[in-house]
Amino acid sequence: MKMNSFYYKLLCLLILSFFEGHYLCGADPTDGFTLVPLTEDNFKLQKPYNEPLYDRYSYKDGVRSFWIYNNDKPYSADSPTRPRSELRISGHDYSSGIWQFEGYAYVPSGTSGVTIVQIHGASEGETTLQLRMYEGDGGDLRYYKYNLVDTDLYDKWFRVNIIHNVDKGKVIVFIDGVKKFVVKDQGPGDLYFKCGVYAAPFNSSNYMESRWKEIKLYKK
């Protein structure tokens with residue numbers, strides 16, 4: 001018995017949709033990107049200017065821990081900025097193309113009002129993106145102090161992927177491989193990625209900490 005052509009075409013579409021859907025569900029944010037080799041020389045550390053590095057940063061068993069206090073000094077005596085203990089990826093500043101940051105983050109409960117990862121540089125302002133942790137619902141991750149990116153992130157490791165398509169002026173944030181946020185960037189500039197802890201302008205907790213591991217950089 002010959003299958004009606006309409007139902008045959010419908011069946012083919014369903015099969016195709018299944019396999020395409022299966023592929024898309026299994027896709028990873030890094031698919032199609034090239035890994036950029038990084039060494040310790042590419043990791044530049046910033047901390048309060050009057051504190052020794054070991055009092056605000058540690059690196060043990062592959063985990064980089066960053067912590068600050070709300071009344072800490074800035075990274076230089078003449079800087080008006082807030083306290084920080086951060087890692088800056090150097091040697092790979094960019095102003096065009098498609099770049100991606102990847103890392104696994106851990107933020108202990110109580111840490112609030114702090115940027116844990118950012119894209120520094122923009123045509124207007126200092127940064128293209130800041131992802132800040134606030135207490136909220138068990139650890140809320142926000143775009144600056146505004147849009148909610150994800151919740152319930154305290155006291156566990158979570159994967160962060162940030163794709164910056166400079167030519168299209170778009171930034172995409174993935175948490176644990178799931179697309180969570182898309183935003184227009186702040187225009188071109190001398191751009192680079194940073195992670196760690198950088199106190200927000202207001203409402204920061206007294207103590208702020210984040211831990212990072214498996215930090216990687218990709219490009220297209």
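Residues numbered from 1 in each chain as written. Predicted model: local features only at pLDDT ≥ 70, side-chain atom pairs only at ≥ 80, totals over all residues. Heavy atoms only, no water.

Peer 1: Report on the overall build of the protein, specifying residues and quantitative values.
Peer 2: The number of helices and strands found in the protein is one helix and 15 strands. Looking at the protein as a whole, 48% of its 220 residues qualify as buried. By sequence separation, contacts in the protein at least 24 residues apart represent 66% of the contacts at least 6 residues apart. As presented, the protein carries roughly 11700 Å² of accessible surface, and 53% of it is formed by carbon and sulfur atoms. (Helix = DSSP H or I, 4+ residues; strand = E, 2+ residues; numbered from the N terminus. Buried < 20%, exposed > 50% of the residue type's maximum accessible area, 1.4 Å probe, protein only. Contact = heavy atoms within 4.5 Å. Areas by Shrake-Rupley, 256 points an atom, 1.4 Å probe, with all protein chains shown as cover.)

Peer 1: Please set out the packing of aromatic side chains residue by residue, giving values where relevant.
Peer 2: This model, assessed by the stated rule, comprises nine aromatic pairs. Between Tyr57 and Phe66 the ring centres are 5.2 Å apart and the planes differ by 50°, which places this aromatic pair in the tilted class. Its relative accessible area of 10% is what places Tyr57 among the buried residues. For Phe66, a relative accessible area of 0% corresponds to the buried category. Relative to Phe181, the ring of Tyr143 has its centre 5.1 Å away and its plane inclined at 40°; by these criteria the two rings are tilted. Of this pair, Tyr143 sits in strand β9 (residues 140–143) while Phe181 sits in strand β13 (residues 178–184); the two residues are 38 residues apart in sequence, bridging distant segments of the chain. (Phe/Tyr/Trp six-rings, centres within 6.5 Å; stacked < 30°, edge-to-face > 60°.)

Peer 1: Can you explain the side chain of Arg56? Please cite residues and give values.
Peer 2: Inspection of the secondary structure puts Arg56 in the loop between β2 (43–46) and β3 (57–60). By relative accessible area, Arg56 is classed as buried at 7%. A polar atom in the side chain of Arg56 sits 2.8 Å from the side chain of Asp72. Setting aside residues up to four positions removed in sequence, Arg56 forms contacts with Lys47, Pro48, Glu51, Ser65, Phe66, Trp67, Ile68, Tyr69, Asp72 and Ser85. (Polar contact = N/O pair within 3.5 Å; in protein donor to acceptor, adjacent residues only side chain to side chain.)

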